[in-house]
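The lines below spell out each chain.
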Amino acid sequence: MSSVIVGRTGPFSGQSVVLGTAALRFGRKSDNDVIIVSTSASRLHAEIVVEDDTFVLHDRNSRNGTYVNERRITRHPLAPGDVIRIGDETFLFETQEALETVMDLSQLDVPRPTALANPSALRVTIAGGGPVGLAFALMLENALQGRVFITVYEGRWVKNGTTVTWKDETLGNVRRQQVVTIQSRQYLALTEEMQSALFDEGRNFSEMWPVGPDSVEGRPPRNIRIAYVEDKLLELANSKSAIRLVPKRFDPSEHEHRVANDHVLAICDGGRSRTREHYADRFGAADASIYSLDGEHLQDVVLGLRVKSPLTDQMSVLLTVSQNRFLLNSLRGEGFLNMRLTREETKAVIGIDPVRQVFEECIAARPCVMARHEDNEFVCPTHGTLFLPALLRGSHLWKRIREGLKLFGVAEDDLSAITSFRLDMVQRPRFTAQLTRSTATTPGTYGFLLGDAANAIHFWPGRGLNSGLASAVSLARSLSRTWQGRPLRDADFIRHEAAMSMLQYRHKSRAWNAMVTTDEQGATRAIKDIIARSMEQAESPVAAMAQANVSEAAGSEAEAEAKAERPDLDALLERMRAIRDRLETRLPGMPSDEELREHLATLAPSTLRTLQESGAWDTLIVGGEEADIDLFYQADAPIYAPRPADPRVAGPDSGPQGPVALDRA
């Protein structure tokens, strides 16, 4: 008889963990099995261990104590019905069999009665209910109506009456307010119902980027918040009887029996997918060497600054694509200003616990979102830490953050939150694998990597969600064409595997060129290292002395001459003019030379040097022909046929010479 820990109150509410031989740890630190959001919890607060076939709860010298049935304990052998309290969160210890008699079916790992009534239906489990997992579920349900039953697991959900909703900050889930750009090639591939849910209310998206090579039917990309996409897709999924939503994280070791009885396991639980790693021997080892320089696997760390910018979309686009230090992705001015960090700056991304006076890396490691409170403090709601650079007003990193705000006209009071992203890529050998073979009682299960679990992509050139949606569209099409009620085969997924390989090549090759550039000698260098070198040069004693001389000249007859000698400003202006000339026919209302010069002149010389040295987005490499999975699903089209000319992107502006701004996502 198995035993279970079930969350009763707090962020873990409705989720359960089946206890085994391994210890189950509770605490505030992110590497615990059950993360306690309450600030009254210790980093490792308590754990359950097996002693003589009995589950025993131990308090691990916590500051505020561990309670069982409201009695403080240091060691307690657990009995069915015991209620554990840590801070404000409570958990029930019970046998799994007893729980099945009292819990809602949606909380349990059991099939719906309707699923059992149709044994010829395709049975699908989805690990991860983000935008990609939900989009796949909805498209497959639409394509195989009445012939599919889908179960979706997501630990960031909570049961709310008869529906499942996203947890909010009070339950330990900080919603993703980042703005993403979805290309028309992707959003037009969604069902009409999904398109209507996402885009019928015009105020929830904008079209700030012009039409480009990935634009279908002349429709431009659309900027939209990830949280809004998640809300609308989950709302739709709640209305589908063939889709069962389970508000708990998918645990592959706990659900091996379920996986063996399903036809499909779609792995959509992110770039650091635990489910994918559980089946690593099936999918093969990823290769990091292809995205390495001088033997080092290249990685970028980016600060995400939630801001409100008063600039026009035209100015924001021009400022973004003309350099590689800052990137603004916004919805009518509100969004995230992303700042690429140098190696030294990365070391400064740290929080401090004001109570214990110790440094914490929650913003760098998890990452957490630190929201602005009074006195310029940015506070992590999960760990109670403060963003250290904001407290040290004279720190190099904070000064450079302020320069980024100035570049996009953001008042310091309009910086409302800070987070970070750690970005790298690997090459995956395959995206489809047989997890279990068919037997007399099991159908044989195929696993598929989708979204970031398949292709975690550096977002600078913007293809992460687009690649994820394309992978979901491809698998839904492949399964809907293939499913005939018989066991699946490798050969059924040739088209899907080819589509995934094409997406990986196109989007990761584009993303790699957002991480590196080639210098005058033909050597490949990391952009973050070029930024670091430019700052060293701009902040050297010689440069500082030259700037001091310019300052002394202010107000004299030499002032005009001193201002005129700003080569970095002039180089930036020349670059922006060239980009503007390519964009202005498709994005009217571009700023004039005078407006650009007046805006850039407010920046520090060291910032101008960094922006100029970082280079513009590489329009030749990042632009060009797009990955179009329709190629593999055209009626009667041979898989290896050469790509025909696409009239949807034909015309004088459709080639690789088009500006990189056309490729935002």
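Residues numbered from 1 in each chain as written. Predicted model: local features only at pLDDT ≥ 70, side-chain atom pairs only at ≥ 80, totals over all residues. Heavy atoms only, no water.

A.B. asks: Just checking my understanding: could you explain the overall build of the protein chain for this structure?
C.D. replies: Helices and strands together make up the secondary structure of the protein chain, namely 25 helices and 34 strands. Taken over 665 residues, the protein chain has a buried fraction of 55%. Counting only contacts in the protein chain whose residues sit at least 6 apart along the sequence, the fraction spanning at least 24 positions is 70%. Accessible surface, the protein chain: about 28,200 Å² in total, of which carbon and sulfur atoms supply 50%. (Helix = DSSP H or I, 4+ residues; strand = E, 2+ residues; numbered from the N terminus. Buried < 20%, exposed > 50% of the residue type's maximum accessible area, 1.4 Å probe, protein only. Contact = heavy atoms within 4.5 Å. Areas by Shrake-Rupley, 256 points an atom, 1.4 Å probe, with all protein chains shown as cover.)

A.B. asks: What should I look at first to understand the side chain of arginine 575 in this one?
C.D. replies: Mapped onto the elements, arginine 575 comes out in helix α21 (residues 567-583). One buried charge, arginine 575, has no salt-bridge partner; the nearest side chain with opposite charge is glutamate 613, at 7.7 Å. A polar side-chain atom of arginine 575 sits 2.9 Å from the main-chain carbonyl oxygen of serine 322. Apart from the residues lying within four places of it in its own chain, the contact partners of arginine 575 are Ser322, Leu611, Gln612, Gly615 and Ala616. (Lys, Arg positive; Asp, Glu negative; His and termini not counted. Salt bridge = Lys/Arg side-chain N within 4 Å of Asp/Glu carboxyl O. Polar contact = N/O pair within 3.5 Å; in protein donor to acceptor, adjacent residues only side chain to side chain.)

A.B. asks: What exactly am I supposed to notice about the sheet that holds strand β9 (residues 75-77) here?
C.D. replies: Pairing between the strands of a sheet comes from backbone hydrogen bonds, and it takes one of two forms, parallel or antiparallel. Across the sheet, which stays open at both edges, the five strands sit in the order β4-β3-β5-β6-β9 with mixed pairing between neighbours. Strand pairing shows two members of the sheet lacking a second neighbour, β4 (34-35) and β9, which therefore form its edges. Both strand β6 (residues 54-59) and β9 contribute to a ladder of three bridges, which runs antiparallel. Across the sheet, leucine 57 pairs through a bridge with histidine 76, a residue of β9. (Pairing = 2+ DSSP bridges.)

A.B. asks: Teacher, can you tell me more about helix α3 (residues 131-143) here?
C.D. replies: The periodicity of an α-helix, 3.6 residues per turn, causes residues three or four positions apart to be oriented the same way. Over its 13 residues, α3 extends 18 Å from the first C-alpha to the last, a length consistent with the 18 Å expected when each residue adds 1.5 Å. A large share of α3 lies buried, amounting to 11 of its 13 residues. For α3, the full list of buried residues reads Pro131, Val132, Gly133, Leu134, Ala135, Phe136, Ala137, Leu138, Met139, Leu140 and Glu141. (Expected span 1.5 Å × (residues − 1).)

A.B. asks: Can you walk me through the packing of α21 against helix α22 (residues 593-600) in this structure?
C.D. replies: Helix packing geometry: the angle between the two helix axes and the distance between the axes. Close contact between α21 and α22 brings their axes to 11 Å; oriented N to C, the two are set at 140°. Here α21 lies oblique to α22, going by the angle between them. Here α21 runs over α22; the crossing is right-handed. Seen from α21, the contacting residues are Leu569, Asp570, Leu572, Leu573, Met576, Arg577 and Arg580; seen from α22, they are Asp593, Leu596, Arg597 and Leu600. Partitioned by chemical class, the residues of the contact of α21 with α22 number six nonpolar, no polar and five charged. (Axes fitted to C-alpha atoms, helices over the stretch in contact; angles between N-to-C directions. Parallel < 35°, antiparallel > 145°, perpendicular 65-115°, else oblique. Left-handed = near helix turned anticlockwise from the far one by under 90°. Nonpolar A, V, L, I, M, F, W, Y, C, P; charged D, E, K, R; others polar.)

A.B. asks: What's the story with the environment of arginine 75 in this structure? I'm lost.
C.D. replies: Within the secondary structure, arginine 75 is located in strand β9. In this structure, the C-alpha to C-alpha distance between arginine 75 and leucine 57, residues 18 residues apart in sequence, is 5.7 Å. Filtering out sequence-adjacent residues up to four positions away, arginine 75 remains in contact with Glu51, Val56, Leu57 and His58. Reaching out from arginine 75, the side chain makes a polar contact with the side chain of glutamate 51 at a distance of 2.7 Å.

A.B. asks: Would you take a moment to explain the packing of aromatic side chains for this structure?
C.D. replies: The geometry of an aromatic ring pair comes down to the distance between the two centres and the angle between the two planes. What the rule picks out here adds up to 11 aromatic pairs. Site record: aromatic cluster; members linked through ring pairs are Tyr187, Phe199 and Phe205. The ring centre of tyrosine 67 lies 4.3 Å from the NZ or CZ of arginine 85, which sits over that ring. One Lys or Arg, arginine 222, reaches over the ring of phenylalanine 199 and ends 4.8 Å from the middle of that ring. (Phe/Tyr/Trp six-rings, centres within 6.5 Å; stacked < 30°, edge-to-face > 60°. Lys NZ or Arg CZ within 6 Å of the ring centre and 35° of its normal.)

A.B. asks: Would you mind going over the side chain of aspartate 628 with me for this structure?
C.D. replies: Examined against the element boundaries, aspartate 628 turns out to sit in the loop between α24 (619-622) and α25 (630-633). With a relative accessible area of 7%, aspartate 628 lands in the buried category. Within the structure, aspartate 628 has its side chain in polar contact with the side chain of arginine 185 (distance 3.0 Å).

A.B. asks: Sorry if this is basic, but what is going on with the nonpolar core here?
C.D. replies: Generally speaking, a soluble globular protein has its nonpolar side chains buried in company with each other. Counting 76 residues, the largest nonpolar core has Leu122, Val124, Ile126, Phe136, Leu140, Ile150 and Leu479 as its most contacted members. Once residues within four sequence positions are removed from consideration, phenylalanine 136 is found in contact with Val124, Ile126, Ala266, Leu450, Ala472, Leu475, Ala476 and Leu479. (Core = buried A, V, L, I, M, F, W, Y, C linked by side-chain atoms within 4.5 Å.)

A.B. asks: Could you clarify how one ought to interpret the pattern of salt bridges in this entry?
C.D. replies: Opposite charge on two side chains permits them to pair, given that their charged atoms come into close proximity. Counted according to the given criterion, the structure contains 37 salt bridges. One salt bridge in this structure joins aspartate 262 and arginine 258, with 3.5 Å as the shortest N-O distance. For arginine 258, a relative accessible area of 11% gives the class buried. Between glutamate 277 and arginine 276 there is a salt bridge, with the nearest N and O atoms lying 2.8 Å from each other. According to the relative accessible area criterion, glutamate 277 is partly exposed, its value standing at 46%.

A.B. asks: Sorry if this is basic, but what is going on with the sheet that holds strand β19 (residues 264-267) here?
C.D. replies: On the basis of which strands lie adjacent, the open sheet formed by six strands has the order β18-β13-β12-β19-β32-β31 and mixed pairing. Edge positions in the open sheet fall to β18 (243-246) and β31 (432-436), since each of these has one partner strand only. Averaged over neighbouring strand pairs, the angle between their axes works out to 20° when direction is ignored. Examined bridge by bridge, strand β13 (residues 148-153) and β18 share four bridges and lie parallel to one another. Within β18, the residue paired with isoleucine 150 across the bridge is isoleucine 243.

A.B. asks: Just checking my understanding: could you explain the confidence of the model for the protein chain for this structure?
C.D. replies: A low pLDDT score tells you not to read the predicted coordinates there in detail. Chain-level statistics for the protein chain give a pLDDT mean of 85 and a share of 86% at 70 or above. For the protein chain, per-element mean pLDDT is lowest for helix α2 (residues 113-116), which scores 42, and highest for β19, which scores 98. Note that pLDDT drops below 50 for residues 557-564; the model gives that stretch six contacts with residues more than four away or on any other chain. (pLDDT = per-residue confidence, 0-100.)

A.B. asks: I tried to follow the packing of helix α5 (residues 192-199) against helix α6 (residues 226-238) on my own but got confused; where do I start?
C.D. replies: Look at α5 against α6: their axes get within 9 Å of each other, and the N-to-C directions meet at 135°. Here α5 lies oblique to α6, going by the angle between them. Here the hand of the crossing between α5 and α6 comes out right-handed. Between α5 and α6, the contacting residues are Glu193, Met194, Ala197 and Leu198 on the first element and Tyr228, Val229, Lys232, Leu233 and Leu236 on the second. Residues belonging to the contact of α5 with α6 are distributed by class as follows: seven nonpolar, no polar and two charged.

A.B. asks: What's the story with the environment of lysine 508 in this structure? I'm lost.
C.D. replies: With respect to the helices, strands and loops of the structure, lysine 508 is situated in helix α17 (residues 494-512). The exposure class of lysine 508 is buried, given its relative accessible area of 1%. Each C-alpha atom, one on lysine 508 and one on histidine 458, is 7.7 Å from the other, the two residues being 50 residues apart in sequence. Leave out the neighbours within four places in its chain, and lysine 508 touches Tyr291, Met425, Val426, Gln427, Ala454, Asn455, Ala456, Ile457 and Leu503.

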